[in-house]
Amino acid sequence: MNGEGWQLSNPVMGIAMVGLTFLLFYVVGYISNRRSASAQELYVGKSNVGPITNGLAMASTYMSLATFLGITALILNLQAPFILLWIQLILAIPLITIIYGTSLRRMGAFSPTHFIRNRYGVKASIIAALFMILVSIMYALGQMIGIAVTFETLLGIPYMTGLIVGGLIIVGYVTIGGMAGATNNAAIQMVIMALMFIVPLAAIMKAVGGSGWYFPPLLYADMVPAMLEAVPTFFDYQFSPKWYFAIIPALTIGALGLPHLAMRVYTASSLKSARSAMVWFAFILGLVFSATYAMGFVGVFATATQGLDVSAADADKLTIILNLVYNPEWVTALVIAGAISAGLSTLSGNLLAIGALLSQDIVSTLKPNISQKTSLRLGYISIFIGGVISIFLAIEPPAFLVVSILWAFGLAGVTNAPLIIVGVWWKEANKYGAMAAAVVGGAIYIIVSPFVFPNIVLTGHAVTDGMGISGALLAVPISFALLIVVSYITNRIPSLDRRLTKKEDSELIEQIHGWKDVQPYRYNSTFGAAITVVISVAVAIWALMPWGM
């Protein structure tokens, strides 16, 4: 079974499936958003989304097309232990809800950068917004690559043509739909994704001899003895212990700073609804993430025992290739429609975040008297421009489409998450600490990634450095330490006192935590801040030591 030139022999069937799903999504998007009269309605969908719909939308936005394609490629080529990564990733939405989602919603902020503006001031919020635009563009880049790869397989067209055609169609869909359309569509897309991923996987498992085919997310375990005989090292730890620790700042803390995830918390109709949505999110995400690992497992099993040949260039197509080999073409057409649904959902969140960041967090901050109509129009324009930029960046893609997505997680963890977490829970955090943390931490993270300065790396392992895992272990603790230390010092410089808003900050923190009075002792622990700094510095020093890879 040759691994080159994989595509549908009858593309008409695939086009019909994809066309029907696009038609459905456009109709739902238009109906959902036809009454959006304000920027807030565009970005948070009137904040009246129910828990099941919102939970499905959260999961759909989070999973992305990388779930279908990129992750399975890493499991195939690197036998990467993505079960451990899933554990970190699934923690994100519950932690957002627990750590700051409730507080920000009580405050009335419908984006993390909105909180940063109120907490630290205009300059800090613009710095954070600029970094978050980069995060969202890099995240969207991975989706655009996946869309291009999927259209390439669907139509047998060159990558570049698939990128432009597929990319523009999707950008148009997001621009028309807004957050209400994106949320309703994302719930539908989640159902499509789950069915079009798990059901065909069951048929593939049955075809390769798995007796647990009827529940792929867990019962691929019956194939483990045969896998260990064919690939004895499959379940071995592939990396040093430091690598596994590093996924905490890279992915868990990183996900806490992703704007398009946090925005989903604010679309809920109430705090109770947001918490209920979290349960649905964790359930469906765990189900499909487990199936993703099973798909990668079956891919390795098929290449080791069934004679399947998948070239390195086609690794991102593994899910589609397995369906082409073991399932009828009409099933593969459905899988392609599901993959495009995954890309649509996450790209919607990314582009809406870009629109909110540009129009609400930068332009409206600099020009507060801008009209609602102009702000809304600017939001639509920003969404479209963000999509076009993502298309251009995808012209020269990284080796694995998931690399740019996971790198974006780390940058969010460096530049956004510390400002929000510390800002919500420590009164002494101020604008000087916030700006120092975001600028210095963000610069360090970018410098040690292989994308800008290929010779400045921490591990020398291309995928580890490219995913931002090594950079996050260094830069995230530096950001936390800088935020605390710089804030503590500048709060005690008399000449800066009149430039700080200590009283207002204290009142804001008490308010967002639900207190009606203000007490100096609340959220003001110097000891806790000192412990955080000591741990952060220790971790940063550890990150600079040899990784043993």
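Residues numbered from 1 in each chain as written. Predicted model: local features only at pLDDT ≥ 70, side-chain atom pairs only at ≥ 80, totals over all residues. Heavy atoms only, no water.

Colleague: Can you walk me through helix α12 (residues 241-256) in this structure?
Modeller: An α-helical turn contains 3.6 residues, so a residue and the one three or four places further along point in the same direction. Taking 1.5 Å of rise per residue, the 16 residues of α12 would be expected to cover 22 Å, and the 23 Å separating its terminal C-alpha atoms lies within 8% of that figure. The buried count for α12 comes to 13 of 16 residues, which makes it a mostly enclosed element. (Helix = DSSP H or I, 4+ residues; strand = E, 2+ residues; numbered from the N terminus. Expected span 1.5 Å × (residues − 1). Buried < 20%, exposed > 50% of the residue type's maximum accessible area, 1.4 Å probe, protein only.)

Colleague: What am I meant to see in the packing of helix α8 (residues 122-155) against helix α20 (residues 431-447) here?
Modeller: Relative orientation and spacing of two packed helices are given, respectively, by the angle between their axes and the distance between those axes. Packing of α8 against α20 leaves a shortest axis separation of 9 Å and a crossing angle of 25 degrees. Judged by the angle between their axes, α8 and α20 are roughly parallel. Where α8 crosses over α20, the handedness of that crossing is left-handed. The segment α8 lies against α20, with Lys123, Ala124, Ile127, Phe131 and Leu134 engaging Ala434, Met435, Ala438, Val439, Gly442 and Ile446. (Axes fitted to C-alpha atoms, helices over the stretch in contact; angles between N-to-C directions. Parallel < 35°, antiparallel > 145°, perpendicular 65-115°, else oblique. Left-handed = near helix turned anticlockwise from the far one by under 90°. Contact = heavy atoms within 4.5 Å.)

Colleague: What exactly am I supposed to notice about the side chain of Arg522 here?
Modeller: On the secondary structure map, Arg522 appears in the loop between α23 (502-512) and α24 (526-544). Reaching out from Arg522, the side chain makes a polar contact with the side chain of Glu510 at a distance of 2.8 Å. Contacts of Arg522, omitting those with residues within four sequence positions, involve Lys427, Glu510, Trp515 and Asp517. (Polar contact = N/O pair within 3.5 Å; in protein donor to acceptor, adjacent residues only side chain to side chain.)

Colleague: How do you make sense of the pattern of salt bridges when you look at a structure like this?
Modeller: Side-chain pairs of opposite charge can arise where the charged atoms are in close proximity. Inspection of the entire model under this criterion finds eight salt bridges. The partner of Arg119 in a salt bridge is Asp505, with the nearest N and O atoms 3.4 Å apart. In this pair, Arg119 is assigned in helix α7 (residues 112-120) and Asp505 in helix α23, connecting sequence segments 386 residues apart. On the basis of relative accessible area, Asp505 is assigned to the buried category, the value being 7%. Note that Glu510 is salt-bridged to Lys427, the shortest N-O span being 2.7 Å. Of this pair, Glu510 sits in helix α23 while Lys427 sits in the loop between α19 (417-425) and α20, placing them 83 residues apart in sequence. The exposure class of Lys427 is buried, given its relative accessible area of 10%. Through salt bridges with shared partners, a single network forms among Lys427, Glu510, Asp517 and Arg522. (Salt bridge = Lys/Arg side-chain N within 4 Å of Asp/Glu carboxyl O.)

Colleague: Hey, could you run me through the packing of aromatic side chains in this one?
Modeller: Geometrically, a pair of aromatic rings is defined through the distance of the ring centres and the angle of the planes. A complete count under the given rule lists 13 aromatic pairs for this structure. Between Tyr220 and Tyr293 the ring centres are 6.1 Å apart and the planes differ by 55 degrees, which places this aromatic pair in the tilted class. Of this pair, Tyr220 sits in the loop between α10 (216-219) and α11 (224-230) while Tyr293 is found in helix α14 (residues 271-305), placing the two residues 73 residues apart along the sequence. On the basis of relative accessibility, which here comes to 7%, the residue Tyr293 falls in the buried class. One aromatic cluster is present, built from ring pairs that chain together Tyr220, Phe234, Phe235, Tyr293 and Phe297. The cationic tip of Arg522 hangs over the ring face of Trp515; the distance from NZ or CZ to the ring centre is 3.5 Å. (Phe/Tyr/Trp six-rings, centres within 6.5 Å; stacked < 30°, edge-to-face > 60°. Lys NZ or Arg CZ within 6 Å of the ring centre and 35° of its normal.)

Colleague: How do you make sense of the confidence of the model for the protein when you look at a structure like this?
Modeller: Reading fine detail from the predicted coordinates is not recommended where pLDDT is low. Taken as a whole, the protein shows an average pLDDT of 80; of its residues, 85% reach a score of 70 or greater. Note on residues 35-47: pLDDT is under 50 here. Beyond four places in sequence and across chains, it has 45 contacts. (pLDDT = per-residue confidence, 0-100.)

Colleague: I tried to follow the packing of α19 against helix α22 (residues 469-490) on my own but got confused; where do I start?
Modeller: In the contact formed by α19 and α22, the axes pass within 9 Å of each other and the chain directions differ by 45 degrees. By the angle between their axes, α19 is oblique relative to α22. Viewed along their axes, α19 and α22 form a crossing whose handedness is right-handed. Residue-level inspection shows Pro418, Leu419, Ile421 and Val422 of α19 in contact with α22, the latter providing Ser479, Phe480, Leu483 and Ile484. When grouped by side-chain class, the residues that make up the contact of α19 with α22 number seven nonpolar, one polar and no charged. (Nonpolar A, V, L, I, M, F, W, Y, C, P; charged D, E, K, R; others polar.)

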